[in-house]
Amino acid sequence: QKHLLGIENLGPDEIIALLDLAEQYVDLNRRELKHSDALTGLTQVNMFFENSTRTQASFELAGKRLGADVMNMAMQASSIKKGETLIDTAMTLNAMHPDLLVVRHPHSGAVDLLSQKVNCAVLNAGDGRHEHPTQALLDALTIRRSKGRLHRLNIAICGDVAHSRVARSNLILLGKMENRVRLVGPPTLVPANFAEFGAEIYEDMHEGLRDVDVVMMLRLQKERMDGGFIPSEREYYHRYGLDRDKLSVAKPDAIVMHPGPMNRGVEIDGEIADDINRSAIQEQVEMGVAVRMAAMDLLARNLRATRAAEPIEA
Ligand code: CP
């Protein structure tokens, strides 16, 4: 692959190969010396047009641990504020010969469009409601390490599915790996057309969580609700917030996941989020660095092979 734009473009074998490589980076990251030279000589530019803690920090760390020269563009201080378009900004950076461009953008499809205008490898760090591929890959690695496999599991994705690129990428990935996915939430946040992904839809948490292996919670993404219906947080927590009572119907060894940022007392009880016997939330963050190292390593290998095969100009 030239770019990593979405899980949609990956086959099951490519997903497994990436996770296997990420396992090596989990080991590397736990050592005192965390350095590899997979990206030595390459330049990585991070362009985040939307706020981020986990994704931006882990892409930056991943690049540095692989030996890349990493630049974080301060988009709030860039000429975007003077009216420069996304494409003109990308073309300007492209003229400086970056090798890897990591992009987060509030509009679905913006990262794909940008990838068509530049010569380097582009990684989607989240575009609108569309996809967040590295999040789904780090979730997959977390599940595989906890459950010992990534197939034939019952997985519930709960809450604001409609506005979530995390849910969409996970639905696609978990479907490709032949898991049974349930979507749990009110019809305003889990529209019936999501059944097209092969998922079962539940409105009631006690029914949706019964006997599942994994419970994946989502934040209410008010920034993408476009003035539509926003539920009251108290009412929402009562019906859809993950607490001990609702979790009790899942399998006794079911893990709890959340991509972050989480709103304690809205979609999840803080005590469950912090329960080291059930919560995989911190492990997800750890896997994020390893998965992003693996993704950039694989794209860099492809980039170098493509360049080596190009005819030398006279
Ligand atoms: N999960 C996730 O994308 O978190 P950030 O918005 O903090 O990057």
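Figured I'd write up the structure that's included with this text. (Residues numbered from 1 in each chain as written. Predicted model: local features only at pLDDT ≥ 70, side-chain atom pairs only at ≥ 80, totals over all residues. Heavy atoms only, no water.)

## Comments concerning the sheet that holds strand β4 (residues 121-127)
Here we have 4 strands laid out as an open sheet, ordered β2-β1-β3-β4, and parallel in their pairing. Strands at the two margins of the open sheet, each flanked by one partner only, are β2 (69-73) and β4. Here the average twist between neighbouring strands, direction ignored, is 15 degrees. Sheet topology note: the strand β3 (residues 100-105)/β4 ladder contains 5 bridges and is parallel. Pairing of Val103 across the sheet is with Asn124, part of β4. Set on the sheet, helix α2 (residues 54-65) makes contact with β1 (43-48), β2, β3 and β4; between it and β1 the angle comes to about 175 degrees. Running at roughly 150 degrees to β4, helix α11 (residues 281-309) makes contact with β1, β3 and β4 of the sheet. (Pairing = 2+ DSSP bridges. Helix = DSSP H or I, 4+ residues; strand = E, 2+ residues; numbered from the N terminus. Axes fitted to C-alpha atoms, helices over the stretch in contact; angles between N-to-C directions. Contact = heavy atoms within 4.5 Å.)

## What about the sheet that holds strand β5 (residues 154-158)?
The strand order β7-β6-β5-β8-β9 describes an open sheet built from 5 strands, whose pairing is parallel. Here the strands that pair on one side only, and so sit at the sheet edges, are β7 (200-202) and β9 (255-257). Averaged over all adjacent pairs, the angle separating strand axes in this sheet is 20 degrees, with direction ignored. Relative to β9, strand β8 (residues 214-217) runs parallel, the two being bridged by 3 bridges. From the neighbouring strand, Met216 faces β9, where its bridge partner is Met257. On top of the sheet, helix α5 (residues 133-147) reaches β5, β8 and β9; it is set at about 170 degrees to β9, its chief contact. On the sheet, helix α6 (residues 165-176) packs against β5, β6 (180-184) and β8 and is oriented at approximately 165 degrees with respect to β5.

## Describing the packing of aromatic side chains
One pass over the structure, following the stated rule, counts 2 aromatic pairs. Note on Phe194 and Phe197: the rings are 5.6 Å apart at their centroids and 25 degrees apart in plane angle, and the pair reads as stacked. Under the relative-accessibility criterion, Phe194 is labelled buried at 10%. Relative to Tyr240, the ring of Tyr236 lies with its centre 5.7 Å away and its plane at 35 degrees, an arrangement referred to as tilted. Here the residue Tyr236 and the residue Tyr240 both occupy positions in helix α8 (residues 233-240), the gap between them amounting to 4 residues, near one helical turn. For the residue pair Tyr236 and Tyr240, the accessibility class agrees, reading buried in each case. Directly above the ring of Tyr237 sits Lys246, whose terminal nitrogen or CZ lies 5.9 Å from the centroid. (Phe/Tyr/Trp six-rings, centres within 6.5 Å; stacked < 30°, edge-to-face > 60°. Buried < 20%, exposed > 50% of the residue type's maximum accessible area, 1.4 Å probe, protein only. Lys NZ or Arg CZ within 6 Å of the ring centre and 35° of its normal.)

## Some words on the layout of surface pockets
Unoccupied space between atoms shows up once a probe the size of one water molecule is rolled over them. The computed volume of the largest pocket comes to approximately 360 Å³. Looking at the largest pocket, it is lined by 21 residues, and the ones nearest its centre are Arg104, Arg165, Arg219, Gly260 and Pro261. Listed by contribution, the elements that provide at least two residues to the lining of the largest pocket are α2 and α6. When the residues that make up the lining of the largest pocket are grouped by side-chain class, the tally is 4 nonpolar, 10 polar and 7 charged. Quantified by volume, the second largest pocket comes out at close to 180 Å³. Every residue along the wall of the second largest pocket is listed here: Gln1, His3, Leu4, Leu10, Glu14, Ala17, Leu18, Ala295, Leu298, Leu299 and Asn302. If you list the elements that add at least two residues to the lining of the second largest pocket, you get α1 (12-29) and α11. A per-element tally of the lining of the second largest pocket places α11 first, with 4 residues. Its residues assigned to classes, the lining of the second largest pocket shows 7 nonpolar, 3 polar and 1 charged. (1 Å grid on protein atoms, 1.4 Å probe; cavity = no way out; pocket = protein on both sides within 12 Å on 5 of 7 lines; lining within 4 Å. Points joined across faces, edges and corners; volume = space filled by probe spheres on them. Nonpolar A, V, L, I, M, F, W, Y, C, P; charged D, E, K, R; others polar.)

Function cannot be read off these values alone, since they describe shape.
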